[in-house]
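# Overview (structure and organization)
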Amino acid sequence: MMSFFAIILLATLSILPIHSVSSSPSDASIKSVTISGGTHGNEYTGIWVIKAIEKQRELFASQYPSLSLNTLLANPKAYIANRRFIDTDLNREFSITKLQRSAETCSEGNNNDENTLPYETLRAHEIYTSDVSNSDVIIDLHTTTANMGITIIFTEGDVLMGKAAAYALYKCKTEYGYDDVHILLLPKTEMQHRTHLPSIGKHDITIEVGPTPQGVIRHDVVEKTEAALHSLLVFFHRRNMEENYVVKLKKEYPNGVPCYQSAKATNEKALHGKIQWPVSDDNPNFPAVMIHKDLQDRDYQPIRKGDPLFVNLDGSIIPYDDGSFGDEVLLMFVNEGGYYYSQSGTGIGVAVSSRYDLDTGETV
């Protein structure tokens, strides 16, 4: 029986017309691609997918002969322990400041100092100093307990990732029939301030699929993840073969590619803006309020000033006020289990509906 990857590859080859690619420096070929799973150790879907790739090495080599594909089990200790992390969130450890600090400690050769560093800090240094950081593209695979569907995430302004994401959006919707496919743009951030693992590559893109519980492998969620991943790999490979889908995509999205734009983070531990909740006095990982039932599973849906937001222990309701995000905002990562951890940045994500230009990768 053919694998899921083999089946969807055969169905791909005649989807979009072929056009020549310009030879400008910005159109350099993508050769090395690292696919990372287990950045959070209890997100088992990504780990399953990279294990499946390793199991089918010959098949992948024949499918994508122009790509050098590598896999990375990002947080092996947390994976074994079925935990998000051991000491701290690995996906917040890749800022230049943190990497320099760990490098200085490791270079001094002081085992006592090294042992005082969080495991994920040391692991980030290990990954950064490996061949992973030389990757043309790092694709990081994640899952969420929130109802985010298939969400493809890249940083605004990365033209190549913008085109790849648009292709994956189009393919996942039109060929695979998934309605819940979205693109999320992270705010432009200087490289030295980017904290997430894939940002150490020349280009980075993240696939986030949900809802699914932590520490669980769901077949349908694996298939959604593989469909999005496969779409990106096909885009890179066929682009290397001097095939271009931008003309088709521009016809499909004449006013720009629909997307959500993440609100700017106000907390260095967060990748995007959040409405933070208060936490219990005796446990920084336990919310002092719970998310109101009207918001549950309503990711990418609006909340307006005065709408129920949180519920107190006494049953009283805390409404949304305009705060720093405006009278009406869209919510995402609603009740995401990973955001109960103070190390990951607690709260509910905030986004705005937008579009971006295929030529610039920036919102219009």
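Before reading further, recall that the structure is shown in the block above.
Read on for an overview of the structure. Small disclaimer: the values here were computed from a predicted structure and weren't measured.

### Describing helix α9 (residues 219–240)
Helix length check: α9 (22 residues) gives 31 Å between terminal C-alpha atoms against 32 Å at 1.5 Å per residue, within 8%. Buried residues dominate α9, accounting for 19 of its 22 residues. One or two steps after α9, the chain reaches E242, where phi turns positive at roughly 65 degrees.

### A short note on helix α2 (residues 44–55)
For α2, with 12 residues, the first-to-last C-alpha span of 16 Å sits near the 16 Å given by 1.5 Å per residue. By the burial criterion, the buried members of α2 are Y44, T45, G46, I47, V49, I50, A52 and I53. Buried residues belonging to α2 abut β1 (32–37), α3 (57–63), β2 (68–73), α4 (76–81), β3 (137–143) and α9.

### Quick look at the packing of aromatic side chains
In this structure the tally under the stated criterion is 12 aromatic pairs. A centroid spacing of 5.3 Å and a plane angle of 75 degrees characterise the contact between F154 and Y356, whose relative ring orientation is edge-to-face. Of the two residues, F154 is situated in strand β4 (residues 149–155) and Y356 in strand β16 (residues 348–356); the sequence distance between them amounts to 202 residues. The buried category is assigned to F154, whose relative accessible area is 0%. Site record: aromatic cluster; members linked through ring pairs are Y167, F235, F236 and Y245.

### What to know about the pattern of salt bridges
What the rule picks out here adds up to 16 salt bridges. Close ionic contact of K224 with D180 constitutes a salt bridge, the shortest N to O distance being 3.1 Å. In this pair, K224 sits in helix α9 while D180 sits in the loop between α8 (159–174) and β5 (181–186), placing the two residues 44 residues apart along the sequence. K250 is paired through a salt bridge with D359; the nearest N and O atoms lie 2.9 Å apart. In this pair, K250 is assigned in helix α10 (residues 246–252) and D359 in the segment after β16, connecting sequence segments 109 residues apart.

### Here we look at the sheet that holds strand β13 (residues 308–311)
Taking strand neighbours across the sheet as the criterion, the 3 strands line up as β11-β13-β14 in an open arrangement whose pairing is antiparallel. The open sheet has two free edges, formed respectively by β11 (290–291) and β14 (317–319), since each of these has just one partner strand.

### Regarding the nonpolar core
In this structure, I139, L233, F236 and Y356 are the most contacted members of the largest nonpolar core, which totals 51 residues. Once residues within four sequence positions are removed from consideration, I139 is found in contact with V33, T34, I35, S36, I205, I207, L229, L232, L233 and F236. If you look at the next biggest cluster of nonpolar residues, it comprises 15 residues, including A263, F310, V334 and V350.

### As for the environment of L232
By the element assignment, L232 lies in helix α9. Using a relative accessible area of 0% as the deciding quantity, one classes L232 as buried. A sequence separation of 68 residues divides L232 from A164, and the C-alpha atoms of the two residues are 5.9 Å apart. The contact partners of L232, leaving out residues within four places of it in the chain, are I139, A164, A165, A168, I205 and I207.

### As for the side chain of E336
As for its position among the elements, E336 is in the loop between β15 (328–332) and β16. There is a polar contact of 2.7 Å between the side chain of E336 and the backbone nitrogen of G338. Excluding residues that lie within four positions of it along the chain, E336 makes contacts with R84, T144, T145, A146 and Q214.

### Points about the side chain of D204
Inspection of the secondary structure puts D204 in strand β6 (residues 203–210). You can call D204 buried: its relative accessible area is 4%. Here the side chain of D204 touches H196 through a polar contact of 3.2 Å, side chain to side chain. Non-local contacts of D204, meaning those with residues more than four positions away in its chain, are made with I138, F154, T155, D158, M161, R194, H196, P198 and S199.

What counts, and at which threshold
- Residues numbered from 1 in each chain as written.
- Predicted model: local features only at pLDDT ≥ 70, side-chain atom pairs only at ≥ 80, totals over all residues.
- Heavy atoms only, no water.
- Helix = DSSP H or I, 4+ residues; strand = E, 2+ residues; numbered from the N terminus.
- Expected span 1.5 Å × (residues − 1).
- Buried < 20%, exposed > 50% of the residue type's maximum accessible area, 1.4 Å probe, protein only.
- Contact = heavy atoms within 4.5 Å.
- Phe/Tyr/Trp six-rings, centres within 6.5 Å; stacked < 30°, edge-to-face > 60°.
- Salt bridge = Lys/Arg side-chain N within 4 Å of Asp/Glu carboxyl O.
- Pairing = 2+ DSSP bridges.
- Core = buried A, V, L, I, M, F, W, Y, C linked by side-chain atoms within 4.5 Å.
- Polar contact = N/O pair within 3.5 Å; in protein donor to acceptor, adjacent residues only side chain to side chain.

Any functional reading would require information beyond the geometric quantities listed.
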